[in-house]
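One letter stands for each residue in the lines below.
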Amino acid sequence: MPSTEKVDLRGAAATLLMTLYMRRLDARSRRPILGDPWAEPVWDRIEHDVHGLWQFTGDVSTIVCRAAILDGWTREFLSTEPAGQVLHLGCGLDSRPLRVGVPSTCRWVDVDQPEVMEVRRRLYDLPDSIEQVPGSVTDDDWWSAVDPTLPTLVVAEGLFMYVPADAVHATVDRVVSGTPRGDAGVRRRRPVDGACLALDADVPRRRYRVPVVVESRGVRAPAPVADRARRHLDLRRGVPA
């Protein structure tokens, strides 16, 4: 962990505190679900205003279960494709690359807004193999950091509910066109000749999105399936474990 300097995280960037706060509560509980060991030290190093965060305490289980499921899918991909590529979109203050144990042979790329990445670098002592790329997920510039020849997992937790629908479709289009094609293989325990997307998706009458996937020819993408199917005709619903 870096030095004990305090980081002032306020304004728009302060929204990142919500999920960090809930991971911290989970880690401090008697029976943690995610058990993020970095949540407490990082929280303690941030100058923060906790006013209003208490109202999210009832949502802790939902958020950390979502994170745990996405961590599980990420570990499966890494075990199947240790020399593959992971694109961690909208990474915020998430410690996922530390939690899942990224092998040195894997290309891992964290992507978020420049001001968020600056804070992230100060709060986490990440291995040199973890690339930190500043940029908006909806922009084209950061895609130059992507290796189009590698089997790829795209992880985007709690991101696309804040992104216009056309931009979400454009991201899926870019993944489909910019990575190798093949059958999705994360859940089948065989090499992945294509791309997998691990995202959270809309669930009717639920406050939060939960991990749901559809898959086709090496691509996993978010539900609702009907909406995605109209735009990406080869997508079909997957069955998350």
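Residues numbered from 1 in each chain as written. Predicted model: local features only at pLDDT ≥ 70, side-chain atom pairs only at ≥ 80, totals over all residues. Heavy atoms only, no water.

## What to know about the overall build of the protein chain
Consideration 1: Scanning the protein chain for helices and strands turns up seven helices and 11 strands.
Consideration 2: Considering only contacts within the protein chain whose residues lie at least 6 apart along the sequence, 63% involve residues at least 24 apart.
Consideration 3: With an accessible surface of roughly 11200 Å², the protein chain has 51% of that area assigned to carbon and sulfur atoms. (Helix = DSSP H or I, 4+ residues; strand = E, 2+ residues; numbered from the N terminus. Contact = heavy atoms within 4.5 Å. Areas by Shrake-Rupley, 256 points an atom, 1.4 Å probe, with all protein chains shown as cover.)

## Section: the packing of aromatic side chains
Consideration 1: Applying the stated rule across the entire model yields two aromatic pairs.
Consideration 2: Aromatic side chains Tyr-21 and Trp-43 sit 5.4 Å apart centroid to centroid with 45° between the ring planes, which places their arrangement in the tilted category. With Tyr-21 in helix H1 (residues 17-28) and Trp-43 in helix H2 (residues 39-44), this pair connects stretches of sequence that are 22 residues apart. (Phe/Tyr/Trp six-rings, centres within 6.5 Å; stacked < 30°, edge-to-face > 60°.)

## As for the nonpolar core
Consideration 1: If you look at the biggest cluster of nonpolar residues, it comprises 35 residues, and the most contacted ones within it are Leu-20 and Val-86.
Consideration 2: For this core, the secondary-structure elements that each account for two or more residues are H1, H2, helix H3 (60-80), helix H5 (114-123), strand S6 (152-156) and strand S7 (195-201).
Consideration 3: Those residues in contact with Val-86, other than ones at most four positions away along the chain, are Phe-77, Leu-78, Cys-106, Arg-107, Trp-108, Val-109, Leu-153 and Val-155.
Consideration 4: Grouped together as the second largest cluster of nonpolar side chains are 23 residues, Leu-87, Val-111, Val-154 and Leu-197 included. (Core = buried A, V, L, I, M, F, W, Y, C linked by side-chain atoms within 4.5 Å. Buried < 20%, exposed > 50% of the residue type's maximum accessible area, 1.4 Å probe, protein only.)

## Here's the deal with the pattern of salt bridges
Consideration 1: Applying the stated criterion across every chain, the model contains 14 salt bridges.
Consideration 2: Note that Asp-94 is salt-bridged to Arg-96, the shortest N-O span being 3.2 Å.
Consideration 3: The partner of Arg-99 in a salt bridge is Asp-94, with the nearest N and O atoms 2.7 Å apart. Comparing Arg-99 with Asp-94 shows no difference in burial state: the two are buried.
Consideration 4: What you see here is one network of salt bridges that share partners, running through Arg-23, Asp-36, Arg-66, Asp-71, Asp-94, Arg-96, Arg-99 and Glu-157. (Salt bridge = Lys/Arg side-chain N within 4 Å of Asp/Glu carboxyl O.)

## Here we look at the pairing of strand S3 (residues 85-89)
Consideration 1: Of all five residues making up S3, five are buried, and the element is well covered by its neighbours.
Consideration 2: Here S3 shows two buried faces, one formed by Gln-85, Leu-87 and Leu-89 and the other by Val-86 and His-88.
Consideration 3: Pairing of S3 with strand S4 (residues 107-112) involves five bridges; the strand directions are parallel. Looking across to S4, one finds that His-88 is bridged to Asp-110.
Consideration 4: By the bridge criterion, five bridges tie S3 to S6 in an arrangement that is parallel. Bridged to His-88 within S6 is Val-155. (Pairing = 2+ DSSP bridges.)

## Brief notes about the confidence of the model for the protein chain
Consideration 1: When the pLDDT values of the protein chain are averaged, the result is 76; 68% of them are 70 or greater.
Consideration 2: Here residues 182-190 is modelled with pLDDT under 50, and outside its nearest four sequence neighbours on either side it reaches 36 contacts, counting other chains as well.
Consideration 3: The low-confidence segment residues 202-226, where pLDDT is below 50, has 95 contacts with residues more than four positions distant or belonging to other chains. (pLDDT = per-residue confidence, 0-100.)

## Examining the pairing of S4
Consideration 1: The element S4 is extensively covered by neighbouring structure, given that five of its six residues are classed as buried.
Consideration 2: Summarising the sheet, S4 and strand S5 (residues 130-134) pair through five bridges and their orientation is parallel. Paired with Val-109 across the bridge in S5 is Glu-131.

## A few points about the environment of Glu-40
Consideration 1: With respect to the secondary-structure elements, Glu-40 resides in helix H2.
Consideration 2: Measuring from C-alpha to C-alpha, the distance between Glu-40 and Tyr-21 comes to 8.6 Å, with 19 residues separating the pair along the chain.

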